[in-house]
Amino acid sequence: MFASLSACSLKSANSAFVADSRLNVRSQSAGVVKPFTLDIQAAHKKGAGSTKNGRDSNASRLGVKVYGGQPVKAGGIIVRQRGYSFHCGENTFVARDFTIHSKIDGVVRFKETKTARTIHVDIPVEQEVDRTADTRRMRRLAKYPPRNSSDDA
């Protein structure tokens, strides 16, 4: 088929390899000689202006949101996770996406055993507030002497 490569030439107009029409191919059925041309396209580069890269997903923002000893409100998120890195303890529940929430207002407590890390929410102990402590109002009133309404009259 390609007996003579000297009959082949390279066209410069369309950068294609073309066999000369002097190369002939015989048809197997009828014995008819047909002219044969061979076009081979050169490799192309993709044109500028498009790219297959440049996509990325948003961050999931997973992790512990409220740490041990910190207060949490009812329904507040304690941990966002995929799977059960932390398990539910007292006064907590799990959402569909494995996020652990608080059932009550309280203080978060983490507990780790051999089998699992659990999260609990404890009811806070009521503490007495000392109303006579140094406050902004008391500092302001200390700048001025007390009024004595009976001396003015």
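Remember, it's a predicted structure, so these values are computed and weren't measured experimentally.

1. Section: the nonpolar core
When a protein is soluble and globular, its nonpolar side chains tend to lie buried together. Ranked by size, the top nonpolar core spans nine residues in total: Val66, Val72, Ile78, Val79, Phe86, Ile100, Val108, Ile119 and Val121. Only β8 (77-80) and β13 (117-122) provide two or more residues apiece to this core.

2. Quick word on the environment of aspartate 122
Residue position: aspartate 122 is located in strand β13. Taking relative accessible area as the criterion, aspartate 122 reaches 24% and is therefore assigned partly exposed. With 32 residues separating them along the chain, aspartate 122 and glutamate 90 place their C-alpha atoms 7.6 Å apart. In this structure, aspartate 122 is in contact with Glu90, Gly106, Val107 and Arg109, ignoring residues within four places of it in sequence. Among the polar contacts listed, one links the side chain of aspartate 122 to the side chain of arginine 109, at a separation of 2.8 Å.

3. Some remarks on the environment of isoleucine 100
Within the fold, isoleucine 100 resides in strand β11 (residues 100-102). On the basis of relative accessible area, isoleucine 100 is assigned to the buried category, the value being 0%. Along the backbone, isoleucine 100 and valine 64 are 36 residues apart, and their C-alpha atoms lie at a distance of 9.6 Å. Excluding residues within four positions of it along the chain, isoleucine 100 makes contact with Gly76, Ile77, Ile78, Val79, Gln81, Phe86, His87, Cys88, Thr92, Phe93, Val94 and Ile119.

What counts and what doesn't
- Residues numbered from 1 in each chain as written.
- Predicted model: local features only at pLDDT ≥ 70, side-chain atom pairs only at ≥ 80, totals over all residues.
- Heavy atoms only, no water.
- Core = buried A, V, L, I, M, F, W, Y, C linked by side-chain atoms within 4.5 Å.
- Buried < 20%, exposed > 50% of the residue type's maximum accessible area, 1.4 Å probe, protein only.
- Helix = DSSP H or I, 4+ residues; strand = E, 2+ residues; numbered from the N terminus.
- Contact = heavy atoms within 4.5 Å.
- Polar contact = N/O pair within 3.5 Å; in protein donor to acceptor, adjacent residues only side chain to side chain.

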